[in-house]
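# Structure at a glance
Chain by chain, the residues:
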Amino acid sequence: MNQLVRETDAIRRLFHRGAGVARRYWPALLIASVPALLPAARLAGVPVAIMTVLGLVAMLRRPTLPRESPALRLYLALFACYWIPAALAAFDAVAPAKAWQSVVAYLRFVPVGWFVLAALSDPQQRVAVWRLTALLVVFWCLDALFQAVTGFNFFGMAHSDDRLNGVFGQSNLKLGPVLAVLSPLPLEYARRFLKRAWFFAALALLLAVIVLIGTRSAWIMFALVTLGYGYLYARSRPRRWLKAGLAVGGAAVLIGALGYHLSPTLAGRIDRSLLVLEGDAASVDQALGMRLPIWSTAVRMIADNPVNGVGVRGFRHAYAEYADPDDPWLSGAAGTTG
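In what follows, the accompanying structure is described. (Residues numbered from 1 in each chain as written. Predicted model: local features only at pLDDT ≥ 70, side-chain atom pairs only at ≥ 80, totals over all residues. Heavy atoms only, no water.)

## Observations concerning the layout of surface pockets
Quick note on the threshold: Put plainly, a pocket is an open set of points on a 1 Å grid over the protein atoms alone with protein on both sides within 12 Å along at least five of seven lines, a cavity is a set where a 1.4 Å probe fits but cannot get out, and a lining residue has an atom within 4 Å of a point. Grid points are joined across faces, edges and corners, and a volume is the space filled by probe spheres set on the points. By the criteria applied, helices consist of DSSP H or I runs no shorter than four residues and strands consist of E runs no shorter than two, each listed in order from the N terminus.
Of the pockets and cavities examined, the largest pocket occupies roughly 850 Å³. I31, V116, L117, L120 and L185 are the residues nearest the centre of the largest pocket, which is lined by 25 residues in total. Every element with two or more residues in the lining of the largest pocket is listed here: α1 (2–36), α2 (45–61), α4 (70–89), α6 (109–120), α7 (123–150) and α8 (175–182). If you tally residues by element for the lining of the largest pocket, the top one is α6, at six residues.

Quick look at the structure:
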């Protein structure tokens, strides 16, 4: 009986402690829930909707925040650089209903950004978001490595025939780009709050997983992230970080070589990428995943609509009009290769 009472008291204390943490850090938990729910596709829109409402309330309560927050001013300026052209292009879009629907929907990111940056002005909330996102990304990486070795991830999801997919499932092959986009958050957390060895451990883990996933767009994005951190470090200690850069490059080559011999999927992707070195149009097109027709069609659209384009979400609607008659994307003969 006494043992039962002690266990009940322990559970009650744990619950109260958890409730206290949730009350204190609920903005960070809400922000971090967006990337956490990305594998569930539309569920990620739930915390975004909540932040939209909370952001509107914050805008009414504190309308002078942009004058006080350089980060919010920068965010609003960058948003305007995207939204204003999108709105202007909607007036003569090829699919006006889709264009205006998107333009209006994008406005929700004003209050969302307002809420996020207001919350992150608190250093404790900012560190909490970094920590939560870092843990999430590390978990996804370990999950993907487990899937690479066993064929199944921690939740029993099978390896896709095309590439590693981890928690995103076989029909949502976005793990590589998502990891590349989120990678600065765990790297920055490690750089600011942990020892240097943890930064390089996180970099190595991300590098290994992103290379093995085999999504070439993710390779490019993560290479840009790595170059950015290389520049950041090289400004103060160029020799030391030049050596570190060579080590990272060597690690990427080593991981790629091992993956080439161990993963037929990755080997096929690398072989296909190397076709670009042959120089002829057919090989380059194959190396680029049959994307040359898309680009040439886009060039014709730009030439015909040099100012406003075809409008947001209008590319697919205008494609048939500007594409060649034998375009493989019209016949369905082409397929994406990442």
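Okay, back to it.
## Regarding the packing of α7 against helix α9 (residues 184–193)
As a reminder, the rule being used: Axis definition: a line fit to C-alpha positions, over the contact stretch in the case of helices; interaxial angles, taken between N-to-C directions, run 0 to 180 degrees. We call two directions roughly parallel when the angle between them is under 35 degrees, roughly antiparallel when it is over 145, roughly perpendicular when it lies between 65 and 115, and oblique otherwise. A crossing counts as left-handed when the near helix is turned anticlockwise from the far one by less than a right angle, and as right-handed when that turn is clockwise. The contact definition used throughout considers only heavy atoms, calling two residues in contact when any of these lie within 4.5 Å. In the scheme used here, Gly and all other residues not listed as nonpolar or charged are polar, with Ala, Val, Leu, Ile, Met, Phe, Trp, Tyr, Cys and Pro taken as nonpolar and Asp, Glu, Lys and Arg as charged.
Following both chains from N to C, one finds α7 and α9 inclined at 120 degrees, their axes separated by 8 Å at the closest point. In terms of orientation, α7 and α9 fall into the oblique class. Taken as a pair, α7 and α9 cross one another with a handedness that is left-handed. The segment α7 lies against α9, with V127, W130, R131, T133, A134 and V137 engaging L185, P186, E188, Y189, R192 and F193. Grouping the constituent residues of the contact of α7 with α9 by class yields eight nonpolar, one polar and three charged.

## Quick look at the nonpolar core
How we decide: What we call a nonpolar core is a set of buried Ala, Val, Leu, Ile, Met, Phe, Trp, Tyr and Cys residues that are connected through their side-chain atoms within 4.5 Å. Buried means the residue's accessible area, taken with a 1.4 Å probe over protein chains only, is under 20% of the maximum for its type, while exposed means over 50%, and partly exposed covers the values in between.
By size, the foremost hydrophobic cluster in this structure holds 30 residues, and its most contacted members are W140, L179, L187 and F222. Where this core is concerned, the elements lending two or more residues are α7, α8, α9, α10 (196–213) and α11 (216–234). Residues within four places of L179 in sequence aside, it is in contact with V137, W140, C141, L206, V209, I210 and I213. Ranked by size, the runner-up nonpolar core spans 13 residues in total, among them V48, M51, V112 and A119.

## Remarks on the packing of aromatic side chains
Put simply, the rule reads: Aromatic rings from Phe, Tyr and Trp, with only the six-membered ring used for Trp, were paired whenever their centres fell within 6.5 Å, and each pair was classed as stacked if the ring planes differed by under 30 degrees, edge-to-face if by over 60, and tilted otherwise.
A complete count under the given rule lists eleven aromatic pairs for this structure. Ring plane angle 65 degrees and centroid distance 6.1 Å describe the contact between F139 and F155, whose orientation is recorded as edge-to-face. Of this pair, F139 sits in helix α7 while F155 is found in the loop between α7 and α8, placing the two residues 16 residues apart along the sequence. Ring pairs connect the aromatic residues F139, F146, F154 and F155, which therefore count as one cluster.

Everything listed here is a matter of coordinates, which is why it stays silent on function.
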